[in-house]
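# Structure assessment
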Amino acid sequence: MNPLSRSDMFSSSFFLHLKSVLHPVVAGFVSIIVGYGSTFVLILQAAKAANLSPELTASWVWSASIGAGVTGLFLSWRHREPIITAWSTPAIAFLITAFATTSYAEAIGAYMISAAAFIVLGLSGYFEKLIRIIPSGIAAGLLAGILLQFGVAAFGTITVEPILAGFLMVIYVLLKRFTARYAVLGIFLLGLGFLLLQQRMDLSDITFAFAKPVFTFPVFSIQALLSVAIPIFLITLTGQYMPGILVLRNDSFKTSANTIVAVTGLGSLIMSVFGSTAVTSAAITAAICTGKEAHEDPSKRWIAGISCGLLYVLIGIFGVTLARIFMAFPNTFIAILAGLALLGTIVNSLSTAMAEAKSREAALITFVATAANIKFLGIGGAFWGALIGLFAYVFLNGDFSKLGKYWQR
């Protein structure tokens, strides 16, 4: 074989490998943009409610990012699956009001208690058993209901941003028709170019600086235990862990839920003294990395978890600086990007939910109840959607003949 042939083979192999890696890397990148762009403002709001200094706020961003990055990197590498971790968004939203009656040091103590509870839950093995109880149709209906709001929000931007939304949606459809694998990357790059041409992204005031973690000595109190630790545990469990694990199961990934809860609980415990709230399995942003859009071959999608984890760590090192870059994206652009990136997962979830005749109606009830985003007793819509769907499934498909014979006695 002549040298030219070897060179051609090397080039061909290199580009095939690059093409194989590109899609999951981009999926991880899009996941990060959606995650920071849609929830980072909540951290700033919570920090303001707690009257935190810029140093403590930067430490919060550092610890949450590093915690999510390292746990996601370890789990994705160890299990070769796209296990995306993140901070608990519902927990941060809850803290915006909780800081009115709880000091920052007490909140740190509450973070540690809830993290320890997650470690115990993971080691106990009960969470995996709970996940296995949920029928696949109900789980798929739950996931579709959670993600539906993002699809609706994407098309809702047409009302306020008809040119940007229309442009990106047309591009998305065209790319899906001719080169589906590059659809999400295409709308991101073309959308970014569109925004830069319109001068709608101001990056002039952003400077790079390293974040410095600030240790805060925890204070433990009964008041913080009852009003912060227990609520954070419950809303993170029902609002993040449960849908996050179901996202993985929906795309046939099998990593034990107990392992994920224990590892992220440990990450939460270590990072809590630097300001981080619960580190947990991601749900919405994870769906961007676990589906076919990340890679046709499921065995290659774990690279998206590595990409996401590395970007988390990078952002954590620079603290608020890189996060502010993500915040420079208009909210409408983030909404469109998230909604279109999740369309494939919504379609697959609805298909799974409606596939089995026995569970079809209960799955539909789960989907509608979850999409309604019921908020009751401080618990979010994912929990109530799952509860209502499971009740419907048991009532519609359960065998009550023995119960009838019992009452006839």
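Provided above is the structure to which this section pertains.
Only a predicted model underlies this, so the values are computations on that prediction, with no experimental measurement involved. (Residues numbered from 1 in each chain as written. Predicted model: local features only at pLDDT ≥ 70, side-chain atom pairs only at ≥ 80, totals over all residues. Heavy atoms only, no water.)

Counting 109 residues, the largest nonpolar core has W60, F99 and F127 as the members making the most contacts within it. No other element matches the 13 residues that helix 9 (residues 222-250) contributes to this core. (Core = buried A, V, L, I, M, F, W, Y, C linked by side-chain atoms within 4.5 Å. Buried < 20%, exposed > 50% of the residue type's maximum accessible area, 1.4 Å probe, protein only. Helix = DSSP H or I, 4+ residues; strand = E, 2+ residues; numbered from the N terminus.)

Within the secondary structure, T280 sits in strand 2 (residues 279-281). By relative accessible area, which is 0% here, T280 ends up buried. Every residue in contact with T280, bar those within four places of it in the chain, is listed here: I84, T85, A86, W87, S88, T236, Q240, Y241 and T264. (Contact = heavy atoms within 4.5 Å.)

Turning our attention to empty space enclosed by the protein. The gaps of empty space that remain are located by a probe, the size of a water molecule, rolled over the atoms. For the structure on display, the rule yields three cavities of 30 Å³ or more. Taken together, 11 residues line the largest cavity, and the ones lying closest to its centre are H23, V26, A27, V184 and E293. Listing elements by their share of the lining of the largest cavity, those giving two or more residues are helix 1 (3-49) and helix 8 (183-197). Among the elements that take part in the lining of the largest cavity, helix 1 stands out by supplying four residues, more than any other. Across the lining of the largest cavity, the residue classes tally to eight nonpolar, one polar and two charged. (1 Å grid on protein atoms, 1.4 Å probe; cavity = no way out; pocket = protein on both sides within 12 Å on 5 of 7 lines; lining within 4 Å. Points joined across faces, edges and corners; volume = space filled by probe spheres on them. Nonpolar A, V, L, I, M, F, W, Y, C, P; charged D, E, K, R; others polar.)

This part takes up a nonpolar patch on the surface. On the surface, I365, I374, F376, L377, I388, F391, F395 and L396 cluster together into a nonpolar patch covering about 800 Å² of accessible area. Examined against the element boundaries, I374 turns out to sit in the loop between helix 16 (360-371) and helix 17 (381-397). For I374, a relative accessible area of 30% translates into the label partly exposed. (Patch = residues over 30% accessible without salt bridge, like charges linked within 9 Å, V, L, I, M, F, W, Y side chains within 5 Å. Areas by Shrake-Rupley, 256 points an atom, 1.4 Å probe, with all protein chains shown as cover. Salt bridge = Lys/Arg side-chain N within 4 Å of Asp/Glu carboxyl O.)

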